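Chain by chain, the residues run as shown.
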Amino acid sequence: MTTHIRPLLVELLTEELPPKALQKLGQAFAEGIRAALDKHGLLAAGNQTTAFSTPRRLAVRLSQVVEQAPDQDYAEKLMPVKIGLDADGKPTPALAKKLAAKGLENIDPATLARESDGKQDYLIARGTAPGAKLADGLQEGLQAAIDGLPIPKVMRYQLADGVTTVKFVRPAHSLIALHGADIVPISALGLTAGRSTLGHRFMANGPIEIAEADAYENTLAEQGRVIASFESRRADIAQQLQDHAKRLAAVLETTSDSNSAQGDQGILGSDPEVAALLDEVTALVEHPTVYEGQFDEQFLQVPQECLILTMRLNQKYFPLFDPATGKLTHRFLIVSNMHTDNPVNIIEGNQRVVRPRLADAQFFFDTDRKTPLAARVEQLGSIVYHNKLGTQLERVERVRAIARGVAKQLGSDVSAADRAALLAKADLGTNMVGEFPELQGIMGAYYAAGDGEPASVVQALRDQYRIRLDAPVDADGITAAILFIAERAETLIGIWGIGLAPTGERDPFGLRRAALGVISAFEQLAAGNWLAASADGPLSLNSLLTLAAETFPAGKIPADTLAEVRTFIYERYRNQLAGEFDRNAVDAVIALAPPLHQVAARVRAVTAFGQLPEAASLAAANKRIGNLLKKAEGDIGAVDTARLTEPAEQALAASVATLRPQAEAQLQAGDFAGSLSTLAQARQPVDAFFADVMVMAEDPAVRANRLALLSQLHGLMNQVADISRLAQ
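Residues numbered from 1 in each chain as written. Predicted model: local features only at pLDDT ≥ 70, side-chain atom pairs only at ≥ 80, totals over all residues. Heavy atoms only, no water.

What follows deals with the overall build of the chain. Broken down by element type, the chain carries 26 helices and 19 strands. For a compact globule of 728 residues, the expected C-alpha radius of gyration is about 27 Å, and the chain comes in at 36 Å, more than 25% above that figure. If one aligns the C-alpha atoms of the chain with their principal axes, the spans along those axes are about 100 × 95 × 55 Å. Put simply, the chain has 728 residues, and 49% of those count as buried. Expressed as a percentage of contacts within the chain between residues at least 6 apart in sequence, the contacts between residues at least 24 apart total 68%. Accessible area for the chain stands at about 34100 Å²; split by element, carbon and sulfur atoms hold 49% of it. Put simply, the chain has 71 plus and 87 minus side-chain charges, and the middle of one group is 4 Å from the middle of the other. (Helix = DSSP H or I, 4+ residues; strand = E, 2+ residues; numbered from the N terminus. Rg over C-alpha atoms; globule rule 2.2 N^0.38 Å. Buried < 20%, exposed > 50% of the residue type's maximum accessible area, 1.4 Å probe, protein only. Contact = heavy atoms within 4.5 Å. Areas by Shrake-Rupley, 256 points an atom, 1.4 Å probe, with all protein chains shown as cover. Lys, Arg positive; Asp, Glu negative; His and termini not counted. Charge placed at Lys NZ, Arg CZ, Asp CG, Glu CD.)

Right, let's talk about the packing of aromatic side chains for a bit. By the definition in use, this model includes 7 aromatic pairs. Ring centres of tryptophan 496 and phenylalanine 568 lie 5.0 Å apart, and the angle between their planes is 55°; on these two criteria the pair is classed as tilted. Of this pair, tryptophan 496 sits in helix 16 (residues 478-497) while phenylalanine 568 is found in helix 19 (residues 561-578), placing the two residues 72 residues apart along the sequence. Here the two residues tryptophan 496 and phenylalanine 568 agree in accessibility, since each one is buried. Connected via pairs of aromatic rings, a cluster forms that spans Phe295, Tyr317 and Phe332. In this structure, lysine 77 packs its charged tip against the face of tyrosine 122, placed 4.1 Å from the ring centre. (Phe/Tyr/Trp six-rings, centres within 6.5 Å; stacked < 30°, edge-to-face > 60°. Lys NZ or Arg CZ within 6 Å of the ring centre and 35° of its normal.)

A few words on the side chain of arginine 376. Turning to its location among the elements, arginine 376 is positioned in the loop between helix 10 (344-368) and strand 18 (384-386). Relative accessible area serves as the criterion here: at 7%, arginine 376 is assigned to the buried category. A distance of 3.1 Å separates a polar atom in the side chain of arginine 376 from the backbone oxygen of aspartate 368. (Polar contact = N/O pair within 3.5 Å; in protein donor to acceptor, adjacent residues only side chain to side chain.)

On the UniProt side, "domain: DALR anticodon binding" (unreviewed entry) is annotated at positions that read residues 620-719 here. Segment residues 620-719 splits into 69% helix and 0% strand. End C-alpha atoms: 17 Å apart. (UniProt positions renumbered as here; feature names shortened; annotations may be inferred.)

Across the sheet, 5 strands lie side by side as 2-3-1-9-10; this open sheet has antiparallel pairing. With partners counted over all chains shown, the strands left at the sheet margins are strand 2 (49-54) and strand 10 (182-183), one partner each. Across 6 bridges, the pairing between strand 2 and strand 3 (residues 57-66) is antiparallel. Within the sheet, the bridge partner assigned to threonine 50 lies in strand 3 and is arginine 61. (Pairing = 2+ DSSP bridges.)

Moving on to the pattern of salt bridges. A complete count under the given rule lists 40 salt bridges for this structure. When the shortest N-O distance is used, the salt bridge between arginine 466 and aspartate 470 registers 2.7 Å. Here arginine 466 falls in the partly exposed class, since its relative accessible area comes to 30%. A salt bridge links arginine 683 to aspartate 687, with the nearest nitrogen and oxygen atoms 3.4 Å apart. Here arginine 683 and its partner aspartate 687 are both found in helix 25 (residues 683-692), 4 residues apart, which amounts to about one turn of the helix. A relative accessible area of 31% means that arginine 683 is categorised as partly exposed. On the accessibility criterion, aspartate 687 (31% relative accessible area) is partly exposed. Overlapping salt bridges bring together Arg395, Arg398, Lys425, Glu487, Arg488 and Glu490 as one network. (Salt bridge = Lys/Arg side-chain N within 4 Å of Asp/Glu carboxyl O.)

In this structure, the largest pocket occupies an estimated 820 Å³ of space. Considering the residues around the largest pocket, the lining is formed by 26 residues, among which Asp271, Pro272, Glu273, Leu309 and Arg312 are closest to the centre. At the level of secondary structure, the elements contributing two or more residues to the lining of the largest pocket comprise helix 1 (22-39), helix 8 (272-282) and helix 9 (304-315). Of the residues in the lining of the largest pocket, the class split is 13 nonpolar, 2 polar and 11 charged. Roughly 450 Å³ of volume is contained in the second largest pocket. In this structure, the second largest pocket is lined by 18 residues; those nearest its centre are Arg395, Tyr465, Glu487, Phe509 and Arg513. Secondary-structure elements contributing two or more residues to the lining of the second largest pocket are helix 11 (392-410), helix 16 and helix 17 (511-527). A total of 3 residues in the lining of the second largest pocket trace back to one element, the largest contributor, which is helix 16. When the residues that make up the lining of the second largest pocket are grouped by side-chain class, the tally is 7 nonpolar, 5 polar and 6 charged. (1 Å grid on protein atoms, 1.4 Å probe; cavity = no way out; pocket = protein on both sides within 12 Å on 5 of 7 lines; lining within 4 Å. Points joined across faces, edges and corners; volume = space filled by probe spheres on them. Nonpolar A, V, L, I, M, F, W, Y, C, P; charged D, E, K, R; others polar.)

Two elements in contact, helix 15 (residues 455-463) and helix 16, have axes separated by 8 Å at closest approach and are oriented at 40°. Between helix 15 and helix 16, the angle is such that the two are oblique. Like other packed secondary-structure pairs, helix 15 and helix 16 cross with a definite hand, here right-handed. Between helix 15 and helix 16, the residues in contact are Ser456, Gln459, Ala460, Leu461 and Asp463 and Thr479, Ala480, Leu483 and Phe484, respectively. Residue classes in the contact of helix 15 with helix 16 are distributed as 5 nonpolar, 3 polar and 1 charged. (Axes fitted to C-alpha atoms, helices over the stretch in contact; angles between N-to-C directions. Parallel < 35°, antiparallel > 145°, perpendicular 65-115°, else oblique. Left-handed = near helix turned anticlockwise from the far one by under 90°.)

Residues of the chain with pLDDT of at least 70 account for 97%, and the chain-wide mean is 91. Across the chain, the element-wise mean pLDDT spans from 58 in helix 7 (residues 261-268) up to 98 in helix 12 (residues 414-423). Per-residue pLDDT stays below 50 along residues 254-263; that stretch engages in 12 contacts with residues further than four places along the chain or on separate chains. (pLDDT = per-residue confidence, 0-100.)

Before going further, it helps to examine the sheet that holds strand 15 (residues 289-294). With respect to topology, 3 strands assemble into an open sheet ordered 15-17-16, the strand pairing being antiparallel. The open sheet has two edge strands with one neighbour each: strand 15 and strand 16 (318-321). Pairwise comparison of adjacent strand axes, ignoring direction, gives a mean angle of 30° for this sheet. The pairing of strand 15 with strand 17 (residues 328-336) spans 6 bridges and is classified as antiparallel.

Another point: the packing of helix 11 against helix 12. Between two packed helices, the angle of one axis relative to the other and the distance separating the axes together describe the packing. Close contact between helix 11 and helix 12 brings their axes to 8 Å; oriented N to C, the two are set at 160°. In terms of orientation, helix 11 and helix 12 fall into the roughly antiparallel class. The interaxial crossing formed by helix 11 with helix 12 has right-handed handedness. Counted together, Val396, Val399, Arg400, Ala403, Arg404, Ala407 and Lys408 of helix 11 and Val414, Ala417, Asp418, Ala421 and Leu422 of helix 12 form the full contact between these two elements.

Here the chain is partitioned into domain 1 (5-68 + 133-223), domain 2 (72-129), domain 3 (230-369), domain 4 (387-579) and domain 5 (612-726). Using only C-alpha atoms to locate each centre, domain 1 and domain 5 end up separated by 71 Å. (Domains from an automatic or database assignment.)

Right, let's get into empty space enclosed by the protein. All chains considered together, the criterion is met by 1 cavity of 30 Å³ or more. For the lining of the largest cavity, the class distribution of residues is 6 nonpolar, no polar and no charged.

As a further point, take the environment of isoleucine 267. Along the chain, isoleucine 267 falls in helix 7. Spatially, the C-alpha atom of isoleucine 267 lies 29 Å from that of alanine 228, the residues being 39 residues apart in sequence. In this structure isoleucine 267 touches Ala245, Ala249, Pro319, Leu320, Phe321 and Pro323, once residues within four positions along its chain are discounted.

Right, dumping it as C-alpha cells:
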C-alpha cells in the first residue's frame, strides 16, 4: 500500500501552565503521542520528535508520519478445539463470542487453523488486518498523552455548552492537528482540531493560521512573537544574560580574566539556583528580553543571602556579583515577556517592585539584631520539634550533650562546642528566618558575629545545614565539625527511635542524608588527623551513637535502635562506595563493619589486592576455610606444633608465623594495602596445604589441630576485610 509520509503537528493552547512543571509536561505530552503512533505503526523510519512548550501551549512535531500504517499479518490464538467446535465440527457459541470479541465475527470458522501446544490443539485465526489510520491512532494517542501528563494539580472547568465538565491542568482553548497541510479530524477537551492558534498575549494580534506542520515554529515566531521551543527559549535567555554580563564586566572594571566565560559566570553566580531560576523564567515567558535593573546601594548592608533569596525567589531576578570579590552588587537582570525599544517603564516598574521587598529584608535584619541570639534560646521551648521528642529547646539540650562528649573525645574545646550547640537553633525565632526558612543557620551566623561570638562558633552555625563535609577538618573548623556530627547523631537516633525509619522512597526527616553526613564527617576528621588511621578512636561510630542515645529520657529509645542505625549507616556507605569501587571489594570491607573512618582506605586496599595474581586463589581458600570452621565441633583451641606432621601443614604454620608480625604491624600503622600484600605471600603454602592435607582427619586430635591452624590463618587473612567475598 502506498501512503504519504508527512510531518505531523499537534498543539494544545491553554491558560498559563504551572512554570515549574512546564518542561516535564511538554516532554510527557510529546512522548505520549509519539508512543501511541509508534504502537500503531504510523511512524516511518527516521522519524524525529520535537517537543514544544510555552507558558500557554504544549505541542509536538513528528517528522515522518504516515496516513495509514501498513497492513499487518496477525495470528490470534482463540481457544482449544474441543471448546470451539462441537462433536460435529461445527462452531460453538463460545467460539462465536470469542470471534466477536476479537473483531473477527466475519471470519469463516472453517478457515481457522489448528496448532498444538504439546498438550492440546488450539484454533488459530490467521489473516491480514488493514493498518491503523492516522486519525484513529492520533485520537487515541492524544487522549493517552493528556491522561498521562504529570499534572501537579488537576483543574475541573465547564465548557462553553454550560453542561460538560472536563479535567485538565489548565483550561484549554484550541487544538491543532496538521498532517502536512491537512487537518486531522480529532478532538479533545471539548475542542475540535483546526489550524488556528494565538501568539504572544500582548505583542500579537488575533488568531494565527498555521499553514502546515513544518511552518509551526517560524509562523509563531514571525507572526505570534513566540519562541515555541523550551530549549531554544532557554538558550536565548542564557545568551542574553551572558551578553549583559559582558557589558557589565566593563562597567565594573573587571580584569581581562573576568571578561572570559568564567568571569561572566562570576557576575551571574555559579550556584545551582542560577540554573533552576533559568528553567523557571523560561517557563514564564514566550518572547524573552533581558533588561538591567538597580536598587539602592544602602540595601547592601543587609546580608547578601537575604537579598539574593528575595530577588530570586519572589521576583525571579538574576542578582549580579562582582567577579573580583564575589560580593553582591546593586544590579540585577530582569527576564521580561515584553520587548520594547524603550524599556524605561518596564525597568522602573521592576525597580519599584523590588524596593519594598529589600526594605522588608532590611527591617527584619535590623529588628532581629536588637535581640542577642543567646536571648532567643529560651523561645525554643515554645517551638515543637516533634510531638514524641519534645521542643526545639529539649533537642538543643540533647545536641549540646552530644557535642560536649564528642569534643571531649577528640580533645577539642568543649566550651566552644557547647556554645555552638546552644545557639544552633536560636535563629528559628527571628523575623528573617520566619520569612525565609531557607536561611536557617546562615542568619544565626550573622547574628552571632554581630553579638561578638567566637569565630569558631560563627562558622559552626553557618555550616550546620551543609549536606556533607568536603574538606579535611583543621583546628579552625573542628567546632563546626562537632556540631555537624552531633546534630545528625541526635536526628538519627531520635527519629529512628520513635519508629520513623525511612521506607522505600519516603524519608521525610532526611535520615539517609544525615547518615551520609556522618560518614563524611568521619572521613574528614580522619583526613585532618583527628582520628587515627589504625585505631577505632578516639571517636567511634559506636561511641557517638551511644552518646546520642543517652541524651534521651530512659525508655524513649528502644534497645535495638543503636544496632539498626549503625547498620543503616554502613548500608549507606556501601551504596555510596559501590558507585566508585568494585561491589565485591566494598562488600568484603563492610562485612567486618570496621571503624567508619577506615572504610574507604580499606576498600581501596582490597581493590588493589584483587588485582594481584594470588588474590583469586586466596579468596577461594578463605571461603573454603570459613566453611570448614563452621563444621568444627566445640571451641577451636591453640595449635599444637608437635601434631603438625605433614610437610604441607608444617610449611603453612611456618608461613603464618613469619607473615603474622609484619602483616599485623602494617595493619596497626594503617597500611591496609601493605598488610594484604604481605598476606599474598601465603598463596603457595595455602595451595599446597589443601592439595596434600586432609583437614577432616579421622583422628579427632589431628583434625582439631588442623582446624586450629586454619583458624589462625583465617583470622590473619580477614583483618582488613572478609577476603572470601572476592571469590567468584
